[in-house]
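# Descriptive structure summary
Residues per chain, in single letters:
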Amino acid sequence: MSGSPDEEKLEELRQKKMEQLQEQAEGQQGSEAQEAAQQQAEAQKKALLRQHLTDDARKRLNTVKMSKPQFGEQVERQVVTLARSGRIQGKIDDGKMKQLLQELKPDSKSFDIKRR
């Protein structure tokens, strides 16, 4: 009685479980590859920043990133874009970094409060 209905159901369940495990393993491999690519891109970005920024400019950028992470990322992307396009001659020093930050700074809204 090797072809009983219970054994067939059991075999079918085993097959489904194996397929699920294989899909799960493939998904993990895909996410690991994506994570590795993201880490490599981050390493390249840091190398470019190290190459094109002086120590003072890097410190200023890190300070900005700590206080305003999204704005800091925007500035980093801008510097990397400028570096890759070849529009940076020499290194960006602290003064040039201040100027770049001023240019990229979002317009601040001013509020006038009048007391009566």
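Residues numbered from 1 in each chain as written. Predicted model: local features only at pLDDT ≥ 70, side-chain atom pairs only at ≥ 80, totals over all residues. Heavy atoms only, no water.

We apply this condition: UniProt positions are given in the numbering used here, feature names are shortened, and annotations may be inferred rather than shown by experiment.
The protein chain appears in an unreviewed UniProt entry as DNA-binding protein ACFO5R_11795 from Halosolutus amylolyticus. Annotation of the protein chain in UniProt includes, under Sequence similarities (unreviewed entry), the sentence "Belongs to the PDCD5 family."

### Topic: the layout of surface pockets
Worth spelling out the cut-off: In this analysis, the protein atoms alone were mapped onto a 1 Å grid. Cavities are point sets where a 1.4 Å probe fits without being able to get out; pockets are open sets with protein on both sides within 12 Å along at least five of seven lines; lining residues have an atom within 4 Å of a point. Grid points are joined across faces, edges and corners, and a volume is the space filled by probe spheres set on the points. Strands are runs of DSSP state E lasting at least two residues, helices are runs of H or I lasting at least four, and both sets are numbered from the N terminus onward. Residues are grouped as follows: Ala, Val, Leu, Ile, Met, Phe, Trp, Tyr, Cys and Pro are nonpolar; Asp, Glu, Lys and Arg are charged; all remaining types, including Gly, are polar.
Estimated volume of the largest pocket: approximately 180 Å³. Looking at the largest pocket, the residues that line it are E42, K45, K46, L49, R50, R58, L61, N62, K65 and E76. If you tally residues by element for the lining of the largest pocket, the top one is helix α1 (residues 5-52), at five residues. Looking at side-chain class alone, the lining of the largest pocket contains two nonpolar, one polar and seven charged residues. There is about 150 Å³ of room inside the second largest pocket. L82, R87, I88, I92, K96, M97, Q99, L100 and E103 together form the lining of the second largest pocket. Among the elements that line the lining of the second largest pocket, the one with the most residues is helix α4 (residues 94-104), at five residues.

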